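These are the residues of each chain, in order.
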Amino acid sequence: MLNKIRPYMMPIAMMTGIVFYPFFSRFAFVTPYLIFSMLLLTYLNLSFRNIRFTRMHLWLIFIQITGSILIYLILVPFQPVVVQGAMICVLAPTATSAPVITRMLKGNVESLTAYSLLCNITVALIAPVFFSLVEKDNQSAFFESFLIIMRQVFFLLLVPFIAAILLRKVFRNTFSKAKLFSNISFYLWSFALIIVTSKIVSFILVQDSQNYLTEVLLAVCSLFICILQFLTGRKIGRRYKDTIAGGQGLGQKNTVLAIWMAQTYLNPVSSLGPGMYVLWQNIVNSFQVWRKRKNLD
């Protein structure tokens, strides 16, 4: 019975989060711990010797940084709020949970982990400078946003990475037993998806903006950017025989961080862009996992 439900688990999780958002949004505080646990279980299966930076990673980070800058510079005179939301959807670093989805899709987790580290650190350095130029009156942008981003990178990426190494090298008995539970990361992600979806629905509904055209444009724009980034990442990844890692690296974003950046340094309404992006990217990921599991099952 459980095997029959697994291919549809992620769409079910999203619908549960949408319908019961008042209840599940209360548990948003556990999301970082779920991601931490999922990453630890995922890293236990890594081959650390295979974690290396490649030309694909350089192309992905180049597209991410230059793309966000070009979108802002070219389109800001026309729809500043929409452009800010679009820019954040491109600039936002790779989601800390991306290695988990990559593993579900049987992709190269080592490659995605390397890009996730590179991307998060690069954005931590580039984004504060960019915000300082966009909002010239905000002089605290650099240090505040740098510390926030680096704190997330350290706790949600580096700590489980270091813990996995210690388990492998020092606590080998615990390491062997922990690997037996690696498959539960899928169910942890499904529960996290319920919470994230409910939180985003709640976030969208409490927005007090009455400019519905702007909201619709942000939703459409974030959908277009989401699809474009997944397709572009997969196309670049295919050239280096790393299709899944390329698509997830460029397409799956840390939207919680993106929302915070938009609300803190840009027009708060622009945060609806990454707010909608989290729904689009989870629909894409749900479809990808569904196809993979249907083929396997």
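Structure first, text after, so check above.
Being a predicted model, the structure only gives us computed values, none of them experimental.

K.L.:
Explain unusual backbone geometry to me, and be specific about the residues and the numbers.
P.N.:
The backbone of lysine 106 shows a phi angle near 60°, a positive value even though the residue is not glycine. Take lysine 106: it is sitting in the loop between helix 7 (98–104) and helix 8 (109–134). Look at lysine 106 and you get exposed, because its relative accessible area is 58%. We note that lysine 241 has phi near 55°; this positive angle belongs to a residue other than glycine.

K.L.:
Run through the nonpolar core, naming residues and quoting values.
P.N.:
Ranked by internal contacts, the top residues of the largest apolar core, which has 50 residues, are Met10, Met104 and Trp189. Among the elements that take part in this core, helix 11 (residues 185–205) stands out by supplying nine residues, more than any other. Non-local contacts of methionine 10, meaning those with residues more than four positions away in its chain, are made with Ile101, Phe186, Trp189, Leu193, Asn285, Ser286 and Val289.

K.L.:
Before we move on, could you go through a nonpolar patch on the surface and cite the residues and values that matter?
P.N.:
Together, Ile69, Leu70, Leu73, Ile74, Leu75 and Phe78 make up a nonpolar patch on the protein surface, roughly 610 Å² of accessible area in all. Here leucine 70 lies in helix 5 (residues 55–75). Leucine 70 sits in the partly exposed class, given a relative accessible area of 48%.

K.L.:
How would you summarise helix 11 if you had to cite specific residues and measurements?
P.N.:
Taking 1.5 Å per residue as the helical rise, helix 11 with its 21 residues ought to reach 30 Å, and the 30 Å between its terminal C-alpha atoms agrees with that figure. Here helix 11 lies mainly inside the structure; 15 of its 21 residues are buried.

K.L.:
Residue-level account of helix 6 (residues 80–91), with values.
P.N.:
The end-to-end C-alpha distance of helix 6, which contains 12 residues, comes to 16 Å, matching closely the 16 Å that a straight helix rising 1.5 Å per residue would cover. Among the 12 residues in helix 6, 11 count as buried, and that is most of the element.

K.L.:
How would you summarise the state of the cysteines if you had to cite specific residues and measurements?
P.N.:
The term disulfide refers to a covalent linkage connecting the sulfur atoms of a pair of cysteines. Scanning the model with the defined rule gives zero disulfides in all. Take cysteine 221: it sits in no disulfide, and the sulfur closest to it among the cysteines is that of cysteine 89, at 7.3 Å.

K.L.:
Describe the environment of methionine 104, naming the residues involved and giving the relevant values.
P.N.:
Tracing the backbone through its elements, the reader meets methionine 104 in helix 7. On the basis of relative accessibility, which here comes to 7%, the residue methionine 104 falls in the buried class. Note: C-alpha distance between methionine 104 and serine 185 (81 residues apart in sequence) is 9.1 Å. Beyond its immediate sequence surroundings of up to four residues, methionine 104 is in contact with Ser185, Phe186, Trp189, Val289, Lys292 and Arg293.

Calculation notes
Residues numbered from 1 in each chain as written. Predicted model: local features only at pLDDT ≥ 70, side-chain atom pairs only at ≥ 80, totals over all residues. Heavy atoms only, no water. Helix = DSSP H or I, 4+ residues; strand = E, 2+ residues; numbered from the N terminus. Buried < 20%, exposed > 50% of the residue type's maximum accessible area, 1.4 Å probe, protein only. Core = buried A, V, L, I, M, F, W, Y, C linked by side-chain atoms within 4.5 Å. Contact = heavy atoms within 4.5 Å. Patch = residues over 30% accessible without salt bridge, like charges linked within 9 Å, V, L, I, M, F, W, Y side chains within 5 Å. Areas by Shrake-Rupley, 256 points an atom, 1.4 Å probe, with all protein chains shown as cover. Salt bridge = Lys/Arg side-chain N within 4 Å of Asp/Glu carboxyl O. Expected span 1.5 Å × (residues − 1). Disulfide = S-S within 2.5 Å.

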